[in-house]
Amino acid sequence: MDGEPEPVDPDAHLRGCSECRAWQDRATALTRSLRVRPAVTPPDLVPAILAAAPAPRQPGRWTRAALVAVATTQLALGIAQLIGVDAAHGGLMSGHLSNESTAWNIGLAVGMLWAALRTRAVAGLLAVLSGFLVLLIGYSVHDLIAGTVPFARVASHGLLLVGLGLLFALNRQERLPAPSSPDRREVPVLRATDAA
């Protein structure tokens, strides 16, 4: 280490060299001070983060209420059909076809109610109701022209169109970013020097 001929026994050298022992003690102390330091308490950023976080969204309160009203009316139509008080069909449907129509009316009503309560379900119901209504409108226009269905029955499907429109509105409101309020502050950025 200090010009001694090789090989050098480090332990023997340190025993006889006070200068190297002092250097080793300083190196050991420095290494320990770099590896083992007192824990530094980081700044408490929770209040600042919560203050800057967007407020929880309650998307489309009125849209959801309107969807509940449409779904409830649709459910009433389905139950009326279920118990045989279905003036809109005018006795045109019977048997299995009537059962299918009743199941669809009640199922769509329950789906709309669920979407009004759990807005994350809106996107799934949109696909089902849109596909159903595209075909239903085509068949309804054909049946009106052919005179095989009364207008009152076709008009009862208007409720589903209103429900579809409300679902689209609710889906759009759900996807909009939460508005930021003027009293919210910027979240401070924590730098490495802040924790030291």
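Above this note sits the structure.
The rules behind the values
Residues numbered from 1 in each chain as written. Predicted model: local features only at pLDDT ≥ 70, side-chain atom pairs only at ≥ 80, totals over all residues. Heavy atoms only, no water. Helix = DSSP H or I, 4+ residues; strand = E, 2+ residues; numbered from the N terminus. Buried < 20%, exposed > 50% of the residue type's maximum accessible area, 1.4 Å probe, protein only. Contact = heavy atoms within 4.5 Å. Core = buried A, V, L, I, M, F, W, Y, C linked by side-chain atoms within 4.5 Å. Axes fitted to C-alpha atoms, helices over the stretch in contact; angles between N-to-C directions. Parallel < 35°, antiparallel > 145°, perpendicular 65-115°, else oblique. Left-handed = near helix turned anticlockwise from the far one by under 90°. Phe/Tyr/Trp six-rings, centres within 6.5 Å; stacked < 30°, edge-to-face > 60°. Expected span 1.5 Å × (residues − 1). Arc of directions from axis to C-beta. Disulfide = S-S within 2.5 Å. Nonpolar A, V, L, I, M, F, W, Y, C, P; charged D, E, K, R; others polar. Patch = residues over 30% accessible without salt bridge, like charges linked within 9 Å, V, L, I, M, F, W, Y side chains within 5 Å. Areas by Shrake-Rupley, 256 points an atom, 1.4 Å probe, with all protein chains shown as cover. Salt bridge = Lys/Arg side-chain N within 4 Å of Asp/Glu carboxyl O.

Caption draft 1: Representation of the overall build of the chain within the structure. Secondary structure assignment for the chain yields nine helices and zero strands. Secondary structure elements of the chain occur, N-terminal to C-terminal, as α-α-α-α-α-α-α-α-α. Taking all 196 residues of the chain together, the buried fraction comes to 25%. Put simply, of all contacts in the chain between residues at least 6 apart along the chain, 78% involve residues at least 24 apart.

Caption draft 2: Representation of the nonpolar core within the structure. Counting 19 residues, the largest nonpolar core has Leu67, Met112, Leu129, Leu160 and Leu167 as the members making the most contacts within it. Counting only elements with at least two residues in this core, the list comes to helix H4 (61-83), helix H5 (95-117), helix H6 (122-146) and helix H8 (158-175). The residues contacting Leu67, other than those within four sequence positions of it, are Met112, Ala115, Ala116, Gly163, Leu166, Leu167 and Leu170.

Caption draft 3: Spatial organisation of the environment of Arg172. The residue Arg172 is located in helix H8 in this model. As a C-alpha pair, Arg172 and Ala123 span 49 residues in sequence and 9.8 Å in three-dimensional space.

Caption draft 4: How the structure looks around the packing of H4 against H8. Between H4 and H8, the shortest axis-to-axis distance is 9 Å and the interhelical angle comes to 150 degrees. Of the possible angle classes, the one that applies to H4 and H8 is roughly antiparallel. Of the two elements, H4 crosses H8, and the hand of that crossing is left-handed. Seen from H4, the contacting residues are Thr63, Arg64, Ala66, Leu67, Val70, Thr73, Gln74 and Leu77; seen from H8, they are Leu159, Leu160, Val162, Gly163, Leu166, Leu167, Ala169, Leu170 and Gln173.

Caption draft 5: Here's a closer look at the packing of aromatic side chains. Applying the stated criterion across every chain, the model contains one aromatic pair. Note on Trp104 and Phe132: the rings are 4.6 Å apart at their centroids and 15 degrees apart in plane angle, and the pair reads as stacked. Remark: Phe132 occurs in helix H6 and Trp104 occurs in helix H5; sequence separation between them is 28 residues. With relative accessibility at 41%, the residue Trp104 sits in the partly exposed group.

Caption draft 6: Examining H6 more closely. For H6, with 25 residues, the first-to-last C-alpha span of 35 Å sits near the 36 Å given by 1.5 Å per residue. Those residues of H6 that sit buried are Val122, Leu125, Leu126, Leu129, Ser130, Leu133, Leu136 and Ser140. Just beyond H6, the residue with positive phi is Gly147, at close to 75 degrees.

Caption draft 7: Seen up close, H8. Taking 1.5 Å of rise per residue, the 18 residues of H8 would be expected to cover 26 Å, and the 26 Å separating its terminal C-alpha atoms lies within 8% of that figure. When we look at burial in H8, the residues that qualify are Leu159, Leu160, Gly163, Leu164, Leu166, Leu167, Leu170 and Asn171. Buried residues in H8, looked at end-on, bunch into an arc of 165 degrees, giving them a common side.

Caption draft 8: A look at the state of the cysteines. In the structure shown here, the tally under the stated rule is zero disulfides. Lacking any disulfide linkage, Cys17 is separated from the closest cysteine sulfur, that of Cys20, by 3.5 Å.

Caption draft 9: Region of interest: the packing of H6 against H8. Two elements in contact, H6 and H8, have axes separated by 10 Å at closest approach and are oriented at 150 degrees. Viewed along their axes, H6 and H8 form a crossing whose handedness is left-handed. On H8, the residues that touch Val122, Ala123, Leu125, Leu126, Leu129, Ser130, Phe132, Leu133, Leu136 and Ile137 of H6 are Leu160, Leu161, Gly163, Leu164, Leu167, Phe168, Leu170 and Asn171. When the residues that make up the contact of H6 with H8 are grouped by side-chain class, the tally is 15 nonpolar, three polar and no charged.

Caption draft 10: Broad picture of a nonpolar patch on the surface. On the surface, Ile137, Val141, Ile145 and Leu161 cluster together to form a nonpolar patch covering roughly 380 Å² of accessible area. The leading source of residues in the nonpolar patch is H6, at three residues. On the basis of relative accessible area, Ile137 is assigned to the partly exposed category, the value being 40%.

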